[in-house]
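Residues per chain are reported as follows:
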Amino acid sequence: MRNKNHYLIAALLVLGIYSCSQKEETQADKRPNILFIMSDDHAYQAISAYDDKLLQTPNIDRIADEGMLFTNACVSNSICAPSRATILTGKHTHINGKIDNLMPFDTSQVTFPQIFQQEGYQTAMFGKLHFGNNPKGVDEFMILPGQGYYLNPDFNTPRGDTTIMGYVTDIITDLTLNWLKDERDPRKPFMMMYMHKAPHRPWWPNPEKFAEFTQKQFPEPETLFDDYSNRGTAAKDAEMNLLTHMMYSHDSKVRPEVLERMGEKASPKVEEFENGFYGPYGRATAEQKAKYDLVLDGINADFEENWPSMTEEEKMRWKYQRYMQDYLACISSVDDNVGRVLDYLEESGLAENTIVVYTSDQGFYLGEHGWFDKRFIYNESFKTPLLVKWPNVIKPGTTEDEMVQNLDFAQTLLAAAGITALDDMQGESLMPLLTGAREQWTRDAVYYHYYEYPSVHMVKRHYGIVTKEFKLAHFYYDIDEWELYDRAKDPLEMNNVYDDPAYADKVQELKLQLDDLRAQYKDSPELDQKYIQIYKDMQVKKDNDFW
Ligand code: SGN
Ligand code: CA
């Protein structure tokens, strides 16, 4: 009996100690959770916290209302995989080696989720990585292979590949929510990367949003009919104009059969991707197709009837509206789904100790300068949305105009978690800005370098320096041209004042500062040449269809 009691007491003691230590662990690890939300090609012009003339995004806006909106956040190389490599490594692309979408990534490099994992965070990633490799340092992942599909997407997972039926934005959110609800280890803080494919081209909304948004008309940007006359060769030579490069079928969703039937009447003929329309539409089930057809029939009837009699200007306008209808409809789904996740954080009580970041891998042209796509150092693609909330740390409703970059994200998140960043990371922690210690922020200029040329959209190689007041860029490879923009006087960047004598001193000064930045970040003319050679060796062809 005595013995039995003895055992019972011992057992209770052990249980008590165990549950007590469990409790202590929960309470001891006060480090903040991180929810890093990133979409693909989401222009800041399409977030109502920045500008509400195109779209209302009440859920994304909540992050700014409760936190901070960065108005001068930018990327260091405006294209998908390079931006992701910079975010993951905290290094410029000429250092991490992923200078364009095609270069392989050296996976022996440390990516920041690995550091979080080592430091005791539970880590996960759902959605689009578009990196050529599976992620490292995440306890769980389900990612789209390559660009991924909007409808019934495939996923790579640690357990093999799988296909999930439905609309990609909803599915990525379901995966994220399920993990938060069922897989999260309450004893550990989490670092979750929730990354959307939308609104990447070819802009396929879900059927409901498609029906809703095709009923809308959107205001045109001031520079829709830009003729690039006061600029350099690069803007003129780029192949991303709505009228001349946006595709009828692939982009505007005119059925190939309709184009075929119209023949010359559908001119000017734009070169189409093979299977451009049937790529996404072809993945739909009969039931999904029936819903899309209801809307597609209307678009196609309108095109067939009205297009042949339209002027060039009217054609541009028609394409712009079709573009905005689909692009913004995709974002509207992202916004709804971000709302679902924010709601869950609130309901579960997690919100209080969770940093939420919303950003995109870069910005995008929504008809500004007559364009779609990105790549240029000009504002719409150089800048990227950045909204951050962190209860009790960031003052709600704050706007910050300092020059911050995707280069800074890794160091910022690590610093927020109290983790030391790697010495060779090249960004700066945004903690002084987030915590209101602005006087500790010293950077006044950022460095930019774009490489992927010659390739799809034909944006020439260039590097440059950007301050709050000026932007100086050097376009090279098959040209040697400089451009200077006075950001305050010419916010739409319509006039290159590089040769204007009034700016001669400014040019001198910025060139020196640019040299310093190149030296500081270990970029150089030799490296430019090295990457040109590697690109040639890879025999990357113009308009390769891989990406
Ligand atoms: C695809 C797109 C291009 C886009 C690149 C790179 N065409 O090739 O318009 O510039 O990706 O985008 S489409 O077939 O998707 O319509 S990135 O975001 O991956 O860098
Ligand atoms: Ca992108």
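Residues numbered from 1 in each chain as written. Chains lettered and ligands numbered in written order. Predicted model: local features only at pLDDT ≥ 70, side-chain atom pairs only at ≥ 80, totals over all residues. Heavy atoms only, no water.

A. Layout of the packing of aromatic side chains. Inspection of the entire model under this criterion finds 40 aromatic pairs. On the basis of an interplanar angle of 45 degrees and a centroid distance of 4.7 Å, the ring pair of Trp 203 and Tyr 323 is categorised as tilted. Of this pair, Trp 203 sits in the loop between β8 (190-195) and α7 (207-213) while Tyr 323 sits in helix α12 (residues 312-348), and the two are 120 residues apart along the sequence. We classify Trp 203 as buried; its relative accessible area is 1%. Ring pairing ties together the aromatic residues Tyr 228, Tyr 365, Trp 371, Phe 376, Tyr 378, Phe 475 and Tyr 485, which thus form one cluster. Over the face of the ring belonging to Tyr 150 we find Lys 197, whose NZ or CZ atom lies 4.9 Å from the ring centre. The positively charged end of Lys 530 is found above the aromatic ring belonging to Tyr 531, 5.4 Å away from the centroid. (Phe/Tyr/Trp six-rings, centres within 6.5 Å; stacked < 30°, edge-to-face > 60°. Helix = DSSP H or I, 4+ residues; strand = E, 2+ residues; numbered from the N terminus. Buried < 20%, exposed > 50% of the residue type's maximum accessible area, 1.4 Å probe, protein only. Lys NZ or Arg CZ within 6 Å of the ring centre and 35° of its normal.)

B. The arrangement of the environment of Asn 241 in detail. Looking at the element boundaries, Asn 241 is found in the loop between α8 (233-237) and α9 (256-262). The spacing of Asn 241 and Ser 83 is 158 residues in sequence and 23 Å in space, taken between C-alpha atoms. Excluding residues that lie within four positions of it along the chain, Asn 241 makes contacts with Tyr 228, Met 246, Met 316, Gly 370, Trp 371 and Phe 372. One polar contact links Asn 241 to Tyr 228, side chain to side chain, over a distance of 3.3 Å. (Contact = heavy atoms within 4.5 Å. Polar contact = N/O pair within 3.5 Å; in protein donor to acceptor, adjacent residues only side chain to side chain.)

C. Here's a closer look at the coordination of the calcium ion (ligand 2). For the calcium ion (ligand 2), every protein donor is listed as Asp 40 (OD), Asp 41 (OD), Asp 361 (OD), Asp 361 (OD) and Gln 362 (OE1), and the spread of their distances is 2.1 to 2.8 Å. Each of the six donor atoms around the calcium ion (ligand 2) contributes to a set of angles spanning 50 to 171 degrees, which defines the coordination as irregular. Within one chain, the residues serving as donors to the calcium ion (ligand 2) are arranged as D-D-x319-D-Q. Accessibility classification places Asp 361 together with Gln 362 in one group, the buried group. (Donors = N, O, S within 2.8 Å, 3.2 Å for Na, K, Ca; no water. Tetrahedral: all angles 85-135°; square planar, octahedral: opposite > 155°, others 65-115°.)

D. Structural context of the packing of helix α6 (residues 168-183) against α12. Where α6 meets α12, the axes come as close as 9 Å, and the angle between the chain directions of the two elements is 10 degrees. Taken together, the axes of α6 and α12 are roughly parallel relative to one another. Taken together, the residues of α12 that come into contact with α6 (itself represented by Thr 169, Asp 170, Thr 173, Asp 174, Leu 177, Leu 180 and Lys 181) are Ser 333, Val 334, Asn 337, Arg 340, Val 341, Tyr 344 and Leu 345. Looking at side-chain class alone, the contact of α6 with α12 contains six nonpolar, four polar and four charged residues. (Axes fitted to C-alpha atoms, helices over the stretch in contact; angles between N-to-C directions. Parallel < 35°, antiparallel > 145°, perpendicular 65-115°, else oblique. Nonpolar A, V, L, I, M, F, W, Y, C, P; charged D, E, K, R; others polar.)

E. Representation of the environment of Arg 255. Its location among the elements puts Arg 255 in the loop between α8 and α9. The class of Arg 255 is buried, set by a relative accessible area of 12%. In this structure, the C-alpha to C-alpha distance between Arg 255 and Tyr 278, residues 23 residues apart in sequence, is 8.8 Å. Beyond its immediate chain neighbours, meaning those up to four positions away, Arg 255 contacts Ser 249, Phe 277, Tyr 278, Tyr 281, Asp 293, Leu 296, Asp 297 and Asn 300.

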